[in-house]
Amino acid sequence: MDNPNFKSGFVALIGRPNVGKSTLLNYVVGQKVAIMSNVAQTTRNKIQGIYTTDEAQIVFIDTPGVHKPQTKLGDFMERSTLSALDEVDAVLYVVAADEKRGPGDNFIMERLKQVQKPIYLVVNKIDKVHPNKLPAIVKQFEDGTVKLADVVPVSALNGNNVNALINKLVDQLPNGPQYYPSDQISDHPERFVIAEMIREKVFMLTRQEVPHSVAVDVMSVKRQDDETVHINANIIVERPGQKGIIIGKKGQMLKQIGTMARKDIEHLLGDRVYLQLWVKVVPGWRDKSAMLKDYGYRSNDY
Ligand SMILES: Nc1nc2c(ncn2[C@@H]2O[C@H](COP(=O)(O)OP(=O)(O)OP(=O)(O)O)[C@@H](O)[C@H]2O)c(=O)[nH]1
């Protein structure tokens, strides 16, 4: 079906940690693709969510929270965020209505000055503030340094005004092809999404105790004739103490991580899943560039 008026394009989601970028993406795409957590900076990779209708396709790039790099991983994350901004058709700069403009925002605004593409200021979490507070919040970002195409208040959590945001985006996208099939929501391989689901459970269940130095390496995904899927994965940490926390007393924590992750993966794949998890200590993996590649952090994935 060739529609000469079909619109398509790539849209970057940027914003400091915890403002709700993943929640917004998940609401729009309608399925859980990006890792969600209360712990800041959990979105390490550029995860694409794909929104497709009969009229348009928007490919979202969910960039990591912009922050000052301290390790090679941080450095890598920053580079992928910036390169994403040059390739897209529009930028959604997400801020939280219940937080003041801070150093993280100044850092982002500085970078946005150089961006030529339309920038939408998305004021998220409007459910948390009184509507008469909104103008003052918006004003903090209308300081004359960054040209904003529009300001759109939303609540990603309950979907309030998100459709209006999508309509505005689609309106200004160029005519173009449908890049991905309509049933595709992410262009990452199954393994990546599986790893993200496991990593999300580690964060959820261990919270303060295990820092962000956790990677998940999905070693094998085997589909058997009886329609079951057998998955083996390593949870990689930097220190033996972290290994202990993830395994827990009598292995209880690891068991819980495994059960919760398995349920999500079953939902994703639609098949019965057998998940085997191991915890491996690899000291200083965050600073070893070569290993970043092994654990799936590639800057030229697409
Ligand atoms: N009340 C309210 N909470 C929200 C809204 N959107 C997101 N949240 C919550 O804010 C927290 C952070 O949301 P995420 O979507 O993980 O934020 P993020 O910007 O992707 O965070 P990073 O991955 O760290 O960059 C979660 O607890 C969400 O449930 C919203 O519209 N209203």
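Relevant structure appears above.
Residues numbered from 1 in each chain as written. Predicted model: local features only at pLDDT ≥ 70, side-chain atom pairs only at ≥ 80, totals over all residues.

Undergrad: Got a minute to help me understand the sheet that holds strand β8 (residues 228-237) in this structure?
TA: Pairing between sheet strands relies on hydrogen bonds along the backbone, with the strands arranged either parallel or antiparallel. Taken in spatial order, the three strands make up an open sheet running β7-β8-β9, and their pairing is mixed. Each having just a single partner strand, β7 (215-223) and β9 (272-281) make up the two edges of the open sheet. Strand-to-strand twist across the sheet, computed as the mean angle between neighbouring axes with direction ignored, equals 15 degrees. Bridging between β8 and β9 involves 10 bridges; their strand directions are parallel. Among the inter-strand pairings, Asn 232 is bridged to a residue of β9, identified as Gln 276. Docked against the sheet, helix α7 (residues 240-247) engages β8 and β9, running at close to 155 degrees with respect to β9. On top of the sheet, helix α8 (residues 252-269) reaches β8 and β9; it is set at about 135 degrees to β9, its chief contact. (Pairing = 2+ DSSP bridges. Helix = DSSP H or I, 4+ residues; strand = E, 2+ residues; numbered from the N terminus. Axes fitted to C-alpha atoms, helices over the stretch in contact; angles between N-to-C directions. Contact = placed C-beta atoms within 7 Å.)

Undergrad: When you look at the environment of Glu 196 in this model, what are you seeing that I'm missing?
TA: Tracing the sequence through the fold places Glu 196 in helix α6 (residues 190-206). Using a count of 27 C-beta atoms within 10 Å as the deciding quantity, one classes Glu 196 as buried. Considering only alpha carbons, one finds Glu 196 and Ala 261, 65 residues apart in sequence, at a separation of 9.4 Å. (Buried ≥ 20, exposed ≤ 12 C-beta atoms within 10 Å, placed from the backbone.)

Undergrad: Looking at this structure, I do not really get the nonpolar core. What am I missing?
TA: Grouped together as the largest cluster of nonpolar side chains are 38 residues, with contacts concentrated most on Leu 13 and Tyr 93. At the level of secondary structure, the elements contributing two or more residues to this core comprise β1 (7-14), α1 (21-29), β3 (56-62), β4 (90-96), α3 (103-112) and β5 (119-124). If you tally residues by element for this core, the top one is β4, at six residues. Counting residues in each nonpolar core, the second largest holds 27 residues, with Ala 195, Ile 236, Ala 261 and Val 273 among its members. (Core = buried A, V, L, I, M, F, W, Y, C linked by C-beta atoms within 7 Å.)

Undergrad: Before we go on, may I ask you to explain α8 in this structure?
TA: An α-helical turn contains 3.6 residues, so any two residues separated by three or four positions project in the same direction. With 18 residues, α8 extends 25 Å between its outermost C-alpha atoms, agreeing within 8% with the 26 Å of an ideal straight helix rising 1.5 Å per residue. Here α8 has its buried residues at Met 253, Leu 254, Ile 257, Ala 261, Arg 262 and Ile 265. Burial along α8 is one-sided: seen end-on, the buried residues are contained in an arc of 155 degrees. Exposed side of α8, more than 90 degrees from the buried face: Gln 252, Thr 259 and His 267 are the residues found there. (Expected span 1.5 Å × (residues − 1). Arc of directions from axis to C-beta.)

Undergrad: Help me understand unusual backbone geometry, please; the structure alone is not making it clear to me.
TA: Residues other than glycine predominantly adopt negative phi, and peptide bonds predominantly adopt the trans conformation. A positive phi angle, near 75 degrees, is found at Asn 18, a position not held by glycine. Along the chain, Asn 18 turns up in the loop between β1 and α1. Of the residues examined, Asn 18 has 19 C-beta atoms within 10 Å and is grouped as partly exposed. Its identity is not glycine, yet Lys 250 carries a phi of approximately 50 degrees, on the positive side. Turning to its location among the elements, Lys 250 is positioned in the loop between α7 and α8.

Undergrad: Got a minute to help me understand α3 in this structure?
TA: Within the sequence span of α3, burial applies to Gly 104, Asp 105, Ile 108 and Leu 112. The arc that holds every buried residue of α3, seen down its axis, measures 95 degrees, which confines them to one face. Turned more than 90 degrees from where α3 packs its buried face, Pro 103, Asn 106 and Glu 110 sit exposed. Each element contacted by the buried residues of α3 is listed here: β1, β4 and β5.

Undergrad: Looking at this structure, how should I read the pairing of β5?
TA: Each regular strand shows side chains that alternate between the opposite faces of the sheet. Most of β5 is tucked away, with five of its six residues classed as buried. Bridging between β4 and β5 involves six bridges; their strand directions are parallel. Across the sheet, residue Val 94 finds its bridge partner in β5, namely Val 122. Examined bridge by bridge, β5 and strand β6 (residues 150-153) share four bridges and lie parallel to one another. Bridging from a neighbouring strand, Tyr 120 pairs with Asp 150 of β6. Following the chain from β5 across helix α4 (residues 134-139) to the adjacent parallel β6, one finds a crossover that is right-handed. (Right-handed = clockwise from strand over helix to strand, strands pointing away.)

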